[in-house]
Amino acid sequence: MTEQELRNQIVQQARSLFMRGYSSGSAGNISVRLDNGFLITPTNSSFGRLEPERLSLLDPQGRHRDGDKPSKEWVVHRAMYRARSLAGAVVHLHAPNCMAVACLGGLDPESVLPPLTPYFVMRIGRLPLVPYFRPGDPDLAEAVGRRAIDTHAMLLAHHGMIVCERDLAAAVNAAEELEETARLFLMVRDRPYGQLTRSQVAELERLFPKSI
Ligand code: 13P
């Protein structure tokens, strides 16, 4: 895809997420990796009203090259790209069901959500919890970068979720699947729910290996 097509794709995907309640106010940010750095949504911008030519262009080190002032989370996005060389896009959302789970006590930081459904296993797999840091904190970027070495998706305590994938369409699909699984978890967690067995999870991992 050309840079212009990627800019248009960010605007379209963000608007679709906004219209369906995955992002409200000016929460969340999206980035796409380019040969010469990455494009990221501007700080304090609404996913419903982005403009392709105003997206922020950063070089690989994170220096601002063009467009509006970048998201304060640019440093977290850079950490994901540095940890995962195949990552082509990063999506960070404050989606309500993920946010609710991220505010619960007693979570297992190594694996927040159980394998309730095949698509959670296929699109997300194990979901670790990153401890709370304020948005944009370099320590958040360091914690995410460390976790990203062995996972492409994580929950951020009291903050939301972040996922990366090979391209933006795949990253949005993964983010939506994660939000749906969080919603499902909140529905069943006070009931005697079952989960996929180890061998059922292993079969999915074998037949549908992660793309990055
Ligand atoms: P920005 O407006 O700086 O992108 O921050 C929004 C956000 O989601 C912080 O976590």
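Data block above holds the structure.
All figures in this text were calculated on a predicted structure; none of them were measured in a lab.

Calculation notes
Residues numbered from 1 in each chain as written. Predicted model: local features only at pLDDT ≥ 70, side-chain atom pairs only at ≥ 80, totals over all residues. Heavy atoms only, no water. Helix = DSSP H or I, 4+ residues; strand = E, 2+ residues; numbered from the N terminus. Rg over C-alpha atoms; globule rule 2.2 N^0.38 Å. Buried < 20%, exposed > 50% of the residue type's maximum accessible area, 1.4 Å probe, protein only. Contact = heavy atoms within 4.5 Å. Areas by Shrake-Rupley, 256 points an atom, 1.4 Å probe, with all protein chains shown as cover. Lys, Arg positive; Asp, Glu negative; His and termini not counted. Charge placed at Lys NZ, Arg CZ, Asp CG, Glu CD. Near = heavy atom within 4 Å. Polar contact = N/O pair within 3.5 Å; in protein donor to acceptor, adjacent residues only side chain to side chain. Nonpolar A, V, L, I, M, F, W, Y, C, P; charged D, E, K, R; others polar. Expected span 1.5 Å × (residues − 1). Pairing = 2+ DSSP bridges. Axes fitted to C-alpha atoms, helices over the stretch in contact; angles between N-to-C directions. Core = buried A, V, L, I, M, F, W, Y, C linked by side-chain atoms within 4.5 Å.

J.: Now, about the overall build of the protein: what can you tell me, with residues and values included?
T.: Looking only at helices and strands, the protein features seven helices and eight strands. In terms of C-alpha radius of gyration, the protein reaches 16 Å, essentially the compact-globule figure of 17 Å for 212 residues. Along the longest, intermediate and shortest principal axes, the C-alpha atoms of the protein span 50 × 35 × 30 Å. The 212 residues of the protein split such that 52% are buried. Excluding contacts between residues fewer than 6 apart, the proportion of contacts in the protein whose partners are at least 24 apart in sequence is 65%. As displayed, the protein offers around 10,200 Å² of accessible surface, 50% of which is attributable to carbon and sulfur atoms. Side-chain charges of the protein comprise 25 positive and 24 negative groups, with the mean position of each set lying 2 Å from the other.

J.: A description of the site of the ligand should follow, citing residues and the corresponding values.
T.: Around the ligand, 13 residues are found, and the nearest of them are Thr 43, Asn 44, Ser 71, Glu 73 and His 159. One of the side-chain nitrogen or oxygen atoms of Asn 29 is found 3.0 Å away from an oxygen atom of the ligand. Residue His 159 places a side-chain N or O atom 2.8 Å away from an oxygen atom belonging to the ligand. Relative to its unbound accessible area of 300 Å², the ligand is 96% covered by the protein chains. The residue makeup of the shell around the ligand, split by class, is two nonpolar, nine polar and two charged.

J.: Now, about helix α1 (residues 3-19): what can you tell me, with residues and values included?
T.: Compared with the 24 Å implied by 1.5 Å per residue over 17 residues, the 24 Å span of α1 between its first and last C-alpha is a close match. Leu 6, Arg 7, Gln 9, Ile 10, Val 11, Gln 13, Ala 14 and Leu 17 are the residues of α1 that are buried. Where α1 is buried, its residues meet β1 (29-34), β2 (37-40), β3 (56-58), β4 (64-66), β5 (89-93) and α6 (168-188). Phi turns positive one or two residues past the end of α1, at Gly 21, with a value near 85°.

J.: Run through α6, naming residues and quoting values.
T.: Helical periodicity: at 3.6 residues per turn, an α-helix aligns residues three or four positions apart in one direction. The terminal C-alpha atoms of α6 lie 30 Å apart, and with 21 residues this matches the ideal 30 Å at 1.5 Å per residue to within 8%. Those residues of α6 lying buried are Leu 168, Ala 171, Val 172, Ala 174, Ala 175, Glu 176, Glu 177, Leu 178, Glu 179, Thr 181, Ala 182 and Phe 185. Among the structural elements, α1, β1, β5, α3 (96-102), α4 (118-123) and β8 (160-165) are those in contact with the buried residues of α6. Where α6 begins, the capping side chain belongs to Asp 167, and its oxygen is found 3.4 Å from the backbone nitrogen of Ala 169.

J.: Which residues make up the sheet that holds β5, and what values do they have?
T.: If you walk across this open sheet you meet the eight strands as β4-β3-β2-β1-β5-β8-β7-β6, and the pairing is mixed. With one partner strand each, in any of the chains shown, β4 and β6 (129-130) form the two edges of the open sheet. The pairing of β1 with β5 spans four bridges and is antiparallel. Its bridge partner lying in β5, Asn 29 is registered against His 92. Taken strand by strand, α6 contacts β1, β5 and β8, and its axis lies near 145° from that of β8.

J.: Requested: an account of the nonpolar core, with residues and values cited.
T.: Core analysis: the largest hydrophobic core is formed by 42 residues, its most contacted members being Val 91, Leu 93, Leu 127, Leu 155 and Leu 178. For this core, the secondary structure elements donating two or more residues are α1, β1, β5, α3, β7 (153-156), β8 and α6. In terms of residues, this core owes the most to one element, α6, which gives eight residues. Core analysis: the second largest hydrophobic core is formed by 21 residues, Phe 38, Ile 40, Val 130 and Cys 164 among them.

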